[in-house]
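Observations on the model geometry
Chain residues, written in single-letter form:
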Amino acid sequence: MENQVAVSRSISHVPPAHFLLKIQTFSSLLENNVESYESSEFNVGSHKWKLVVYPNGNKKKKVKDHISLYLAMADSSSFGSGWEVFVIFRLFVHDQNEDTYLIPQDAMGNERRFHGLKLEWGFDQFIPLKEFNDASNGYLVGDTCIFGAEVFVKERNIVKGECLSMKKFTSASPYKYVWKIKNFSNLEAKSYESEVFVAGDQKWKIELCPKGYGVASGSHISMYLKLADLSTITRGFKIYVHFTLRIRNQVQSIHNHYKTSVWFRTSIDNWGWHEFIELSYLNKAGNGFLVNDVCIVEAEVSVLGISEAL
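Here we summarise the structure given alongside this text. A quick note: this is a predicted structure, and the numbers were derived from the prediction, not measured. (Residues numbered from 1 in each chain as written. Predicted model: local features only at pLDDT ≥ 70, side-chain atom pairs only at ≥ 80, totals over all residues. Heavy atoms only, no water.)

Core analysis: the largest hydrophobic core is formed by 35 residues, its most contacted members being Trp49, Leu91, Phe114, Phe132 and Phe147. Per-element tally for this core: the top contributor is strand β7 (residues 83-95), with six residues. Once residues within four sequence positions are removed from consideration, Phe147 is found in contact with Phe19, Leu20, Leu21, Ile23, Leu51, Val53, Ile67, Leu69, Phe92, Val93, Phe126 and Phe132. (Core = buried A, V, L, I, M, F, W, Y, C linked by side-chain atoms within 4.5 Å. Buried < 20%, exposed > 50% of the residue type's maximum accessible area, 1.4 Å probe, protein only. Helix = DSSP H or I, 4+ residues; strand = E, 2+ residues; numbered from the N terminus. Contact = heavy atoms within 4.5 Å.)

The following block contains the structure:
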């Protein structure tokens, strides 16, 4: 069995409850180099299953001199991400001489977990070909054999998870966006937004409140970085961003700026500072932030990581 789990054998006088696969002219599978045969589908526990037989052993597992037999999920396309199904199953081969069924099985009787990356469980070495081909054992009589399956579905879980991909800060090139705002002293609306720009495959914009926002209303300029298109952000999707917002000093090189790192998501689509700069300080002649009634705002954005639900 897979992972070299200890296998025990038992005999049953009762046929398998869920599925029988009868193969006539079994030898023709070998003669025609049929590597594997998949049965028709059968339903158990609201799921579709099938048997997969390797008449000369599963070559992918380097099996020799044995029949390999597996139970496989036939259709998982309707399942969402993260699904898993726990199953206890038994596989059978019919002894036609005694009308009994040989059941090789996990000696520990362990349940098996089927999921998107593991759709098949069973026995690499279900039965030796020498034993199977000996007609006195009853498994292959008149070139005909019968396999079977019983499947007991215990439960189905939806596993939550996420995948995080990060970049080193030193390897992430920041995108710089410059927003030149003319006639600044004439701005009357509560807030203004820059044009959309792209950084790290995401769309962004700057939001500026010329008279302040919230506790800073009337005393400061408020400024924020915002995700511009939430339609591309699914639930559970997060973006780790290091960014700087800046108002340039056009006379000297002493700019007013703040920087931070934030996880953006659907519930946190903007981040910034209510009290970015005092209005009186910004408007004071000679301070260099307003020249010819022009204010220059800059954003530097580095997307350092993305986490999304599995």
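Positionally, Ser222 belongs in strand β17 (residues 220-227). Separated by 2.9 Å, the side chain of Ser222 and the backbone nitrogen of Tyr213 make a polar contact. Of note is the side chain of Ser222, whose polar atom sits 2.5 Å from the backbone oxygen of His274. (Polar contact = N/O pair within 3.5 Å; in protein donor to acceptor, adjacent residues only side chain to side chain.)

A covalent bond between the sulfur atoms of two cysteines is referred to as a disulfide. Applying the stated rule across the entire model yields zero disulfides. Here Cys209 stays free of any disulfide, with the sulfur of Cys295 as its closest cysteine sulfur at 13 Å. Classification of Cys209 as buried rests on a relative accessible area of 3%. Using a relative accessible area of 0% as the deciding quantity, one classes Cys295 as buried. (Disulfide = S-S within 2.5 Å.)

Here Asn287 lies in the loop between α3 (279-283) and β21 (295-309). On the accessibility criterion, Asn287 (17% relative accessible area) is buried. The spatial distance from the C-alpha of Asn287 to the C-alpha of Gln252 is 8.4 Å, given a sequence separation of 35 residues. Ignoring anything within four residues of it in the chain, the contact list for Asn287 reads Asn249 and Tyr281. Within the structure, the side chain of Asn287 is placed 2.9 Å from the backbone oxygen of Tyr281, a separation counted as a polar contact.

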